[in-house]
Amino acid sequence: MLQCIISALKAEAEPLANYYGLKQNLSYDYPFYGTDEMKIICTGVGRKNINDVLVNFSQRIPINTQTQFINVGIAGGKKNKCKIGECFIVDNVYDDKSERVFNLNNKFESHCSTQNITTVSNPVSDGGASYGTLVDMEAHEICRTISKFGLEDNLLIVKIVSDFMDISKEDFSYKRVYDLVENNLNNINRLLNAFRNN
């Protein structure tokens, strides 16, 4: 079984690549790390980047019903409903530009709490009063693209709270994002194992 981790930012992907001992393959036009059993692709931010990279990846690497996709990344959270650095599994994925909702198939035992998420087109830095969910910029597009492959039941989304939707994107240093993921590597590894054995 192949597990493919999808991250938007290199700072999200590199702690995972280091943890699993994966080397970067420079023959790709985007950051890509891998072995036969695990791949990590870094899509960049935005709907078009995500779609383009995932479609390119699917053309280069044979994917089938045994391929699992795991989006690991940061998200804004609601103050007083979560903590910075807290790790969540996503149940339902909404989008600020679409009525389509993706309900993920999270049917395995987990130590992590669940949350819903809304994918937004622009960063939210006003406290997120109009959102009752986590907020990110890629989950919905990942769901949409994976569903085109017919593999939406093989998708897991793991989000780590990075902020309370109250800071600008300039405040997201590489080190800040890297550390948030690195501090959750044991959680993520347990989730990947549970997902694989589901």
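Quick look at the structure, then.

Cut-offs applied
Residues numbered from 1 in each chain as written. Predicted model: local features only at pLDDT ≥ 70, side-chain atom pairs only at ≥ 80, totals over all residues. Heavy atoms only, no water. Buried < 20%, exposed > 50% of the residue type's maximum accessible area, 1.4 Å probe, protein only. Helix = DSSP H or I, 4+ residues; strand = E, 2+ residues; numbered from the N terminus. Pairing = 2+ DSSP bridges. Arc of directions from axis to C-beta. Contact = heavy atoms within 4.5 Å. Core = buried A, V, L, I, M, F, W, Y, C linked by side-chain atoms within 4.5 Å. Salt bridge = Lys/Arg side-chain N within 4 Å of Asp/Glu carboxyl O.

### Some points on the pairing of strand S4 (residues 67–76)
Logical step 1: Counting buried positions along S4 yields 10 of 10 residues, so the element is predominantly enclosed.
Logical step 2: Of the pairings in the sheet, the one linking strand S1 (residues 2–7) to S4 comprises five bridges and is parallel in character. Following the sheet pairing, Ile-6 is matched in S4 by Asn-71.
Logical step 3: Here S4 pairs with strand S9 (residues 155–163) via eight bridges, running parallel. Residue pairing across strands places Ala-75 opposite Val-161, the latter belonging to S9.

### Details of helix H4 (residues 174–182)
Logical step 1: Buried residues of H4: Val-177, Tyr-178, Leu-180 and Val-181, and no others. Along the axis of H4, the buried positions cluster into a sector of 160°, meaning they face one direction only.
Logical step 2: Those residues of H4 that are buried are in contact with helix H1 (10–20), S4, S9 and helix H5 (185–196).

### Regarding the nonpolar core
Logical step 1: Counting residues in hydrophobic clusters, the biggest one holds 31 residues, and the most contacted among them are Ile-41 and Val-93.
Logical step 2: Of all elements in the fold, only S1, helix H2 (47–60), S4, strand S5 (87–95), helix H3 (139–148) and S9 reach the threshold of two or more residues within this core.
Logical step 3: In this structure, Val-93 is in contact with Arg-100, Val-101, Phe-102, Leu-104, Ile-117, Thr-119, Ala-139, His-140, Cys-143 and Ile-157, ignoring residues within four places of it in sequence.
Logical step 4: The next biggest cluster of nonpolar side chains, apart from the first, holds 28 residues, and it includes Ala-13, Leu-16, Val-72 and Phe-195.

### Describing unusual backbone geometry
Logical step 1: Not every positive phi belongs to a glycine, and Asn-80 is a case in point at roughly 70°.
Logical step 2: Within the secondary structure, Asn-80 sits in the loop between S4 and S5.
Logical step 3: Residues other than glycine seldom take positive phi values, yet Met-165 does so here, at roughly 55°.
Logical step 4: For Met-165, a relative accessible area of 1% translates into the label buried.

### Some points on the pattern of salt bridges
Logical step 1: Under the criterion given, the structure shown has eight salt bridges.
Logical step 2: Residues Arg-47 and Asp-95 are paired through a salt bridge, measuring 2.7 Å at the closest nitrogen-oxygen approach. Of this pair, Arg-47 sits in helix H2 while Asp-95 sits in strand S5; the two residues are 48 residues apart in sequence, bridging distant segments of the chain.
Logical step 3: Given the relative accessible area of 26%, Arg-47 is considered partly exposed.
Logical step 4: Within this structure, Arg-47, Asp-95 and Asp-96 form a network of salt bridges that share partners.

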